[in-house]
Amino acid sequence: MQYPSNGPLVGLSQDYREISKFLLRFVLFAMLSTTIAPLHLSAQATSLDELKNYGYVYFENGYPTRLASIRTPQSDANLAARENPDLVFQTGYYSLMLDTDDVAIKGYDALSGSDYMTALNEDVTVFTPATLNLFVYVGGVRYKCVESEIQATDGENMVRLIESGQFLQRVDHVNLTFQDPISGNYLNQAGALEIAVWPDRFVLTLDCSGITGVTRTTIQMFEPDGTMHLVDKGNEDVINLTMSPVDTPLLDASLASSAIVEATRLSDAFPLNTGFNESTNALVIDIPTERISYPADKDRLDEYVIEVTNPTSAPINLPLVFEEVTPRAITGTVMTLCGHETTGASGYPLGYPVQISKNWHNDYEDKFSAHPNSGGQWLRGSTMLTLDAGESKRFRLRVIHGYWNSIPAVSHAQLCLIGYGKTVKAGTWKWDESALGAWGESLTYDPSMHLSGTYLNDIRPSLTSPMHGAASHAWTENVGGAGFLIYRDQNDVFRHLKRVKTAYRWTGPNMTQIHYSAVTDDDRIRVNNKVSLVRSYDYHRTFMEYRYEFLEAVTSPQRLAFFQMSADYYKKAEFSDFYYRNGTGPIYTDIIDDPATSAKGYYDSFQIEDGWIAFDDQSGSGFTSKAFRGLIISDSEINATPFAVSMHKYQSAWGDDQLILDLSAVDRERSYDSGLIVEGKLQVAFPAKTTSDYWGDDTEFLGRLAAYSTPYDAIKDEAEQNDYTVTVHRGTLVDTYPLEVISNPTGAAIDVTIDEGGIGNVPVIVRDVDDGHFIRVQRWMNGGWQWLEDVNLTQNQNYYQGIRNGDRKMDFVFNIKRPDTNLANSWRFRVLKVAY
């Protein structure tokens, strides 16, 4: 059954509307719960490819900044985004654009995607409209969704991000307005639309549970070619329509019941609850919810045996959701898929990611409390597996909490903000949280700058005494506030970021690697930022990189900062002086100017293209600082040649007078020609101030820590002792710290000597290992090769982290500790490849 592309419900004249309504109602009653003609975006069947199993969600014109100013002024609001709040879902197979205020599908198009990382900087440019009709019946009257206010005047945002990562993007819109097209009357209660997007399918959920007296609901969608899809149910206030442009079976309750062959706990074969979630079209496996406590559960590791099968005669993608209803270690959980002993890859990482989305906010009563996707504590791991007809896959699900091989693990995940609190209830879009361990945030990210007015928000030391009296394993003070690109053009107009996308390449447990991309809203600069947190037992380190490609010339900008420490609208650390050093030059102590006499804006600068800054923080968020704060700057380049940069002192007009440092060109207002690319590397570090402030057990660090008297001592060690030289015996060196080496095709994958230095647990990246191999690490000691500590061919292999790349090879990550405390000694190790 097909109709013209505008559909019979929206395209008829007044004279025929009543006749059409009668006929269509007759047809609808005969077709309850029916979905029609699912395949129409492509002229021929689409082959499944696991490289296309990815997705992004972003606002095409940037985040529609709030009507109620929390920090940033309304004079800097993104008015274009408010006028056109178009939400884009981009996957390896298709794109979908939702006009959120008109509740209309402005684009539904097939895509021939590349791979996850390549697509990060590939923009969707074609949007072919489709027609979406949403109906609810109350008291015998049919009402149609006609619009939605996306923001209330108090700043509340109605378009809310629930889950986001590589595989599942889940958004709800909680303010749908319905009108009777005959009388013109409006319902005085709102409905909600949820969209759950997987790489090869999406689900539209119409939720009218907040409307009194519902007797029937309908979702009708017309593809661009006129093909109709329909779900219509009587006496239902929540319904789902599932669609796919891919020639593959979609899940239903019957298929889902036969797709999971086994789901048990590894230790005792305890069976796990399994089910099917219609609103996400996914298989759901419940993970038992015993709570974690530290330090008692320091060595806790939970593993589960999962086997899934494709019971159909065609290739299929299976979406899997591992749900912790009551999360165990919510700030730091990591999930990985590993080989099962029956596959010959016992315990080794298979390289298939599991995205983590979570929420711990429950201060604000959700608008639709009956809809179970709002505030409160939940944690879900989502992945997608591609199976040929009749194929089965058996693996271990490994759930890692605060520790990994007895050292604090690292994690990076999307944190849902629904329920965060009435005063900031507008903050319901993308927010990421990274952690060293699982007892507090280490660094949080707001790439759209929608909530706190800056890119990097809460930043907390690790392994130091907590804020509230506990001896260890609890939240520490917040010395946060930092940001990437700050750009005001020559007319002093603040340029927002649009098309903000996030690629969660590595989410832990040894090292994270997250990529953010965007374009400035004047289309002049493409922005790429990379951040990585590393596993260690001495202190919190995060590595960052920025890359700004000038697509068009930027002439005499009023302000163009590559990075800022403290931020215009987020300044939590309080300090009175700091140390800095540029290159190998002298070390300077800088006393901050008296705020009472400092003019707002820029007032001084110092050059620092290859050096570091050490801050003598006194407090963070009102709590005594137990750690020094350091910023290390390196590899500043413009078109791959060295580029002189300076730190420019800045005093913002918002909040207190705490100093802000803007990293920029020596000439702050210099122009940039089209084609220029500015790049640089940064590192933040937070070593403890004293031995009494530190509760970790890194003896080498404790020895140095006892001699520290100023932040200069601590940050000097980090900057100099990890700026080591490497002798490569096998493999191709890419970078020294973190150490990154391309695998040798034959023999040992890599063989390297760190000539001197190397503090903390040095992160090592082994790139391009052929698929079907795992790795084993050996250290050269006492004239021979010895297995690294207890890392051997054991059952669990609780050491390595692996990820598949777009070329189908594997990258592995591990952390290695130098064998002695003498930093002048050289040390050597190698990595072996073993086929399975």
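Structural data are supplied above this passage.
Just so you know, the residues in each chain are numbered from 1, in the order the chain's sequence is written. The predicted origin of the model limits local features to residues at a pLDDT of at least 70 and limits the giving and counting of side-chain atom pairs to 80 or more, whereas totals for whole chains, interfaces and linings rest on all residues. Side-chain measures here rest on the full set of heavy atoms in the structure, leaving out hydrogens and waters.

1. With respect to the environment of Gly-758
Alright, step 1. Runs of E in the DSSP output that reach at least two residues are strands. Runs of H or I that reach at least four are helices, and both are numbered from the N terminus. Mapped onto the elements, Gly-758 comes out in the loop between β50 (750-754) and β51 (761-769).
Alright, step 2. Summary of the burial criterion: residues with accessible area below 20% of their type's maximum are buried, those above 50% are exposed, and those between are partly exposed, where the area comes from a 1.4 Å probe applied to protein chains only. Residue Gly-758 is classed as buried on the basis of its relative accessible area, which comes to 1%.
Alright, step 3. With 34 residues separating them in the primary sequence, Gly-758 and Tyr-724 have C-alpha atoms 6.9 Å apart.
Alright, step 4. The contact partners of Gly-758, leaving out residues within four places of it in the chain, are Gln-721, Asn-722, Tyr-724, Arg-818, Leu-823 and Trp-827. In what follows, a contact means two residues having at least one pair of non-hydrogen atoms within 4.5 Å.

2. What to know about the nonpolar core
Alright, step 1. If you look at the biggest cluster of nonpolar residues, it comprises 64 residues, and the most contacted ones within it are Phe-484, Ile-613 and Leu-631.
Alright, step 2. Those residues in contact with Leu-631 that sit more than four places away from it in its chain are Phe-563, Met-565, Gly-611, Trp-612, Ile-613, Phe-615, Met-647, Leu-682, Gln-683 and Val-684. Among the buried residues, those of types Ala, Val, Leu, Ile, Met, Phe, Trp, Tyr and Cys that are joined through side-chain atoms within 4.5 Å form a nonpolar core.

3. Some thoughts on the pairing of strand β52 (residues 773-781)
Alright, step 1. Two strands qualify as a pair provided that DSSP identifies no fewer than 2 bridges between them. The pairing of β52 with strand β56 (residues 827-835) spans seven bridges and is antiparallel. Within β56, the position partnered with Val-777 by the bridge is Val-831.
Alright, step 2. Examined bridge by bridge, β52 and strand β53 (residues 784-787) share four bridges and lie antiparallel to one another. Along β53, the bridge assignment pairs Trp-780 with Trp-785.
Alright, step 3. Joining the antiparallel neighbours β52 and β53 is a turn of two residues, in which Asn-782 adopts a positive phi near 55°.

4. Some details on the sheet that holds strand β1 (residues 55-59)
Alright, step 1. Strand order in the open sheet made by the four strands is β1-β2-β3-β4, with antiparallel pairing throughout. Of all strands in the sheet, those with a lone pairing partner are β1 and β4 (104-110), marking the two edges. This sheet shows a mean twist of 10° between the axes of neighbouring strands, independent of strand direction.
Alright, step 2. Note: β1 against strand β2 (residues 86-91), five bridges, orientation antiparallel. Along β2, the bridge assignment pairs Phe-59 with Leu-87. Note on geometry: axes are C-alpha line fits, over the in-contact stretch for helices, and angles between N-to-C directions span 0 to 180 degrees.

5. Thoughts on the packing of aromatic side chains
Two numbers describe a pair of aromatic rings. These are the distance of the centres and the angle of the planes.
Alright, step 1. Within 6.5 Å between ring centres, the rings of Phe, Tyr and Trp (the latter by its six-membered ring) count as paired, and their orientation is classed by plane angle as stacked under 30 degrees, edge-to-face over 60, tilted in between. Overall, the coordinates contain 46 aromatic pairs when judged by the stated rule.
Alright, step 2. A centroid spacing of 6.4 Å and a plane angle of 80° characterise the contact between Phe-814 and Phe-829, whose relative ring orientation is edge-to-face. Residue Phe-814 is located in strand β55 (residues 810-817), and its partner Phe-829 is located in strand β56; the two are separated by 15 residues in the primary sequence.
Alright, step 3. Note on Phe-814: relative accessible area 0%, which makes it buried.
Alright, step 4. Joined through ring pairs, the aromatic side chains of Tyr-546, Tyr-548, Phe-550, Phe-562, Phe-643 and Tyr-672 make up one cluster.
Alright, step 5. By the criterion adopted, a ring carries a charge over it if an Arg CZ or a Lys NZ lies within 6 Å of its centre and within 35 degrees of its normal. Arg-216 extends its terminal NZ or CZ atom over the ring of Tyr-137, reaching a point 4.7 Å from the ring centre.
Alright, step 6. If you follow Lys-501 out to its NZ or CZ, it ends over the ring of Tyr-56, 5.1 Å from the centre.

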